[in-house]
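Below are the chains, spelled out letter by letter.
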Amino acid sequence: MNKEIQLDQKTLYDLKKWAKYGHLISGIIHNLNTPLMGISGRLELIELKNPDLKGLDQINKQLEHINKTLQSLAYLADKDIVDRVLDVDISDLLEKIDSLLSANMTYKHQMNIEKKFTSIRKTINVSVFYNEIYNLILYLISISNQEDTLEIKNEDNYVLLKLIKEEDNDVYEIDSIIFNENIKEDIELLESINIQVDYEVTLEEIEIRLTIL
């Protein structure tokens, strides 16, 4: 019973912490959106007056990337409230996480990312679920090497995260004991909101399955 109480207190602390960041992010997003809209408007005007001008397409791509990142942050900030249980589309949540992760150079340029997001609605504590999936993926990225493969997908009532070692990379081995210690708190938080966590660790790969009960 004491362990359950301690876990509830830890969960509440983490949720309050993330909620505080969520409110801060909301203000930052608002302050960034206005100048970004102004820049986009100026670019459209420049394109109209100078249709042959080179390099504008790259600027537009970067602006689009920034906009997607802000949208992902806004999604999190909107839902990141203590003990808030919502009906959400899991694929939408994973898309937003993917957008945030695209700022990570390893994720964006060095890893092989395989994604399969299926539109499935579930009622969950969005704050914990979102943050812990994000944390788990960041951890998998941190122990990956160039050309490793990261699979992210959801089916029915589960989300699957799988890191696969690149075959020729002899110096990279997955230490199951260190892995267990690093994700222990993430597992406890997920299980506190009725997410069953199952994982398998070998020298070649890690597979984590999060089942929504």
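Residues numbered from 1 in each chain as written. Predicted model: local features only at pLDDT ≥ 70, side-chain atom pairs only at ≥ 80, totals over all residues. Heavy atoms only, no water.

Trainee: I keep staring at the overall build of the protein chain and nothing clicks. Help me out?
Mentor: Each helix and strand counted, the protein chain has 6 helices and 7 strands in total. In the protein chain, the succession of helices and strands from N to C terminus is α-α-β-α-α-β-β-α-β-β-α-β-β. By the burial criterion, 38% of the 213 residues in the protein chain qualify as buried. Of the contacts formed within the protein chain by residues at least 6 apart in sequence, a portion of 72% connects residues at least 24 apart. For the protein chain, the accessible area works out to roughly 12,400 Å², and carbon and sulfur atoms hold 50% of it. (Helix = DSSP H or I, 4+ residues; strand = E, 2+ residues; numbered from the N terminus. Buried < 20%, exposed > 50% of the residue type's maximum accessible area, 1.4 Å probe, protein only. Contact = heavy atoms within 4.5 Å. Areas by Shrake-Rupley, 256 points an atom, 1.4 Å probe, with all protein chains shown as cover.)

Trainee: Would you explain the pattern of salt bridges in this entry?
Mentor: Close approach of charged atoms lets side chains of opposite charge pair. Here the structure, examined in full by the defined rule, presents 6 salt bridges. With its nearest N and O atoms 3.6 Å apart, the salt bridge here joins Lys 162 to Glu 205. Here the residue Lys 162 occupies a position in strand S5 (residues 158–164), and Glu 205 occupies one in strand S7 (residues 205–212), the gap between them amounting to 43 residues. For Glu 205, a relative accessible area of 25% translates into the label partly exposed. (Salt bridge = Lys/Arg side-chain N within 4 Å of Asp/Glu carboxyl O.)

Trainee: Looking at this structure, how should I read the environment of Ile 66?
Mentor: Tracing the chain through its elements places Ile 66 in helix H2 (residues 56–79). Owing to a relative accessible area of 37%, Ile 66 belongs among the partly exposed residues under this scheme. When the C-alpha positions of Ile 66 and Asn 33 are compared, they lie 9.8 Å apart, and in sequence the two are 33 residues distant.

Trainee: What is the right way to look at the nonpolar core in this model?
Mentor: Counting residues in hydrophobic clusters, the biggest one holds 39 residues, and the most contacted among them are Leu 93, Phe 129, Ile 133, Ile 137, Leu 150, Ile 208 and Leu 210. Breaking this core down by element, the ones donating at least two residues are helix H3 (90–101), helix H5 (126–142), strand S4 (149–155), S5, helix H6 (176–191), strand S6 (195–201) and S7. Residue contributions to this core peak at 10 residues, all from H5. Once you skip the residues sitting within four places of it in the chain, Ile 133 turns out to touch Leu 93, Leu 94, Ile 97, Val 159 and Leu 210. Judged by nonpolar contacts, the second largest core, of 6 residues, contains Ile 29, Leu 36, Leu 56 and Leu 63. (Core = buried A, V, L, I, M, F, W, Y, C linked by side-chain atoms within 4.5 Å.)

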